[in-house]
Amino acid sequence: MSRALGPFAAVLGRDLLLAWRGRADVLVTLAFFVVVVCLFPFGVGAEPNQLRAIAPGVLWVAALLSTLLSLHRLFAQDHADGTLEQLLLTPEPTVLWVVAKISAHWIATGLPLVVVAPGLALLFDVEQGALGVLVLSLALGTPILALLGAVGAALTLGLRGGGMLLALLVLPLFVPVLIFGAGAVDAYLSGVGAQAHLLLLGGGLLATLALAPLACAAALRIAVE
């Protein structure tokens with residue numbers, strides 16, 4: 001176990017350090033999330049009931065688009081400088097460092113969205129009880145977006161117009177996460193309870209965590225060959 005955790009921790013730490021050095025890109029993703037959420041009240045009006053009704057969908061769509069905005073950076077720099085090829089040549093399991101890179105990417109880009117979301121939800125007059133459901137749904141859902149997005153980023157790595165193709169590949173896969181994530185908050189607000197939606201997100205996270213790194217590793221080998 002310790003032998004496996006060593007390379008995992010090394011890649012995770014390296015990518016987090018690179019994210020800190022390039023924190024301007026991380027701040028752009030976070031700023032995009034904040035701006036998109038804040039624009040909606042200007043478009044639909046300031047009627048409190050209407051704002052409360054659209055808040056879960058707005059926050060989740062903004063989180064989805066912010067995640068999509070940052071996906072192209074996941075493997076691009078390592079591919080450009082040859083690091084990716086060196087990682088593929090190491091004896092360590094490819095899935096191990098792929099999970100480490102995706103984890104670092106989520107910590108740098110997804111976790112700040114989860115932290116900021118409750119404050120933005122207050123702008124929509126979302127009740128206090130729903131804030132916990134919102135945070136939990138984002139904490140379960142954004143890693144799924146990162147894992148699915150990583151597969152798309154690996155498949156489009158090095159392709160001309162890869163950014164557009166990446167969006168076309170992953171957006172349909174993001175839709176179920178969006179439905180259950182926003183639906184969890186809506187279900188809580190309507191009195192039905194969010195447990196079913198959160199359980200589905202949790203099951204989806206486990207399934208994606210088991211399958212997406214394998215697909216991502218295979219796609220990276222193809223991209224480098």
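Residues numbered from 1 in each chain as written. Predicted model: local features only at pLDDT ≥ 70, side-chain atom pairs only at ≥ 80, totals over all residues. Heavy atoms only, no water.

- Per an unreviewed UniProt entry, the protein is named Heme exporter protein B, and its organism is Aromatoleum evansii.
- Looking at the Function (unreviewed entry) heading of the UniProt record, one finds this comment for the protein: "Required for the export of heme to the periplasm for the biogenesis of c-type cytochromes."
- As recorded by UniProt, the Sequence similarities (unreviewed entry) comment attached to the protein reads in full: "Belongs to the CcmB/CycW/HelB family." (UniProt positions renumbered as here; feature names shortened; annotations may be inferred.)

Structural notes on helix α8 (residues 162–189)
At step 1: Spanning 28 residues, α8 covers 39 Å between terminal C-alpha atoms, matching the ideal 40 Å at 1.5 Å per step.
At step 2: At Leu-171, α8 is bent by approximately 35°, the largest bend along its length, and proline Pro-172 sits one to four residues beyond.
At step 3: Listed as buried for α8 are Gly-162, Leu-166, Ala-167, Val-170, Phe-174, Val-177, Gly-181, Ala-182, Gly-183, Ala-184, Val-185 and Ala-187.
At step 4: One or two steps after α8, the chain reaches Gly-191, where phi turns positive at roughly 90°. (Helix = DSSP H or I, 4+ residues; strand = E, 2+ residues; numbered from the N terminus. Expected span 1.5 Å × (residues − 1). Bend = angle between axes of the 7 residues up to and from the residue. Buried < 20%, exposed > 50% of the residue type's maximum accessible area, 1.4 Å probe, protein only.)

Side note on the confidence of the model for the protein
At step 1: With 98% of its residues at a pLDDT of 70 or more, the protein has an overall mean of 88.
At step 2: Per-element mean pLDDT across the protein ranges from 82 in helix α1 (residues 2–21) up to 93 in helix α7 (residues 128–155). (pLDDT = per-residue confidence, 0-100.)

Examining helix α3 (residues 48–70)
At step 1: Over its 23 residues, α3 extends 32 Å from the first C-alpha to the last, a length consistent with the 33 Å expected when each residue adds 1.5 Å.
At step 2: Along α3, the helix axis deviates most sharply at Ile-54, where the bend reaches about 45°; the proline Pro-56 sits within four residues downstream.
At step 3: Backbone nitrogen of Asn-49 and a side-chain oxygen of the N-cap are separated by 3.2 Å at the start of α3; the cap is Glu-47. (Polar contact = N/O pair within 3.5 Å; in protein donor to acceptor, adjacent residues only side chain to side chain.)

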